[in-house]
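Residues per chain are reported as follows:
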Amino acid sequence: MDSKLTEFSRAEMVKAWIKKNGPMLVLGVILGVVIVYFWKSSQEQAIIRGQQAAAQYEQMLMVMNKRRPNMLAGVKPDDKSEKQAEEELIKIGKSILRDHSSAIYANDAAMALAKIYVDKNDYKAAQQYLQDVLGQQKQGSVNYHIASIRLARVLRDQGKYDDALAKLASSD
């Protein structure tokens, strides 16, 4: 009879424990499910944002490739189609920087925008985009060196020779 009493008292202990801790246990399970759901949702959103940035950057590359034969053929920049392509590149590039600033495509878009502004002789804008790239890259990385060299060229074109030399010296 002792074993039955022991089983009965164990059952009572379990019931008491569930009565005391059951609501917290249920709350913990619900909280865990909610956290997993939101974590997965944020991961999916990050993938979607990355895909959108990739699509915009691909669109930018297609416009650049359409523009390149015109440049090689000697089409003057005042040509209407060239101006439209340039405006479209600027619009797409700024959109990438605004909407996907942390994506890997943002630095490439900024460097492409800097090139466009150099072609337009707007060295201040080009300098700003290149400085933004330098601010986001680790010193010593390939993109950091490329942006440093391009920035030195922009500074040279502005007549800031000492600044250009200093930029090249600091990029080592």
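Quick note: structure is the one above.
Below is a summary of the structure that appears in this document. (Residues numbered from 1 in each chain as written. Predicted model: local features only at pLDDT ≥ 70, side-chain atom pairs only at ≥ 80, totals over all residues. Heavy atoms only, no water.)

This paragraph deals with the nonpolar core. Grouped together as the largest cluster of nonpolar side chains are 30 residues, with contacts concentrated most on Met60, Ile96, Tyr117, Tyr129, Leu130 and Ala147. Sorting the residues of this core by element identifies α1 (2-72), α2 (80-99), α3 (105-119), α4 (123-136) and α5 (142-157) as the ones contributing at least two each. The leading source of residues in this core is α3, at eight residues. Dropping the residues within four chain positions of it, Ala147 is found in contact with Met111, Leu130, Val133 and Leu134. (Core = buried A, V, L, I, M, F, W, Y, C linked by side-chain atoms within 4.5 Å. Buried < 20%, exposed > 50% of the residue type's maximum accessible area, 1.4 Å probe, protein only. Helix = DSSP H or I, 4+ residues; strand = E, 2+ residues; numbered from the N terminus. Contact = heavy atoms within 4.5 Å.)

Turning our attention to the pattern of salt bridges. As enumerated under the stated definition, the model contains four salt bridges in all. The shortest N-O distance in the salt bridge between Asp119 and Lys115 comes to 2.8 Å. Taken together, the residues span about one helical turn, with Asp119 and Lys115 both in helix α3 at a distance of four residues. Its relative accessible area of 44% is what places Lys115 among the partly exposed residues. (Salt bridge = Lys/Arg side-chain N within 4 Å of Asp/Glu carboxyl O.)

Further remarks concern unusual backbone geometry. The phi dihedral of Asn121 is positive, around 65°, even though this residue is not glycine. In this fold, Asn121 is placed in the loop between α3 and α4.

In this section: the packing of α5 against helix α6 (residues 161-170). Two elements in contact, α5 and α6, have axes separated by 8 Å at closest approach and are oriented at 170°. With respect to each other, α5 and α6 are oriented roughly antiparallel. Residues Tyr144, Ser148, Ile149, Leu151, Ala152, Leu155 and Arg156 of α5 lie in contact with α6, whose contacting residues are Tyr161, Asp163, Ala164, Lys167 and Leu168. Its residues assigned to classes, the contact of α5 with α6 comprises eight nonpolar, one polar and three charged. (Axes fitted to C-alpha atoms, helices over the stretch in contact; angles between N-to-C directions. Parallel < 35°, antiparallel > 145°, perpendicular 65-115°, else oblique. Nonpolar A, V, L, I, M, F, W, Y, C, P; charged D, E, K, R; others polar.)

Taken as a whole and assessed by the stated rule, the structure comprises three aromatic pairs. With centroids separated by 5.3 Å and ring planes inclined at 75°, the aromatic side chains of Tyr37 and Phe38 adopt a geometry described as edge-to-face. With respect to class, Tyr37 is no different from Phe38; both count as exposed. (Phe/Tyr/Trp six-rings, centres within 6.5 Å; stacked < 30°, edge-to-face > 60°.)

Before going further, it helps to examine a nonpolar patch on the surface. Taken together, the side chains of Val14, Trp17, Ile18, Leu25, Val29 and Val33 define a hydrophobic patch exposed on the protein surface, amounting to about 600 Å² of accessible area. With respect to the secondary-structure elements, Ile18 resides in helix α1. (Patch = residues over 30% accessible without salt bridge, like charges linked within 9 Å, V, L, I, M, F, W, Y side chains within 5 Å. Areas by Shrake-Rupley, 256 points an atom, 1.4 Å probe, with all protein chains shown as cover.)

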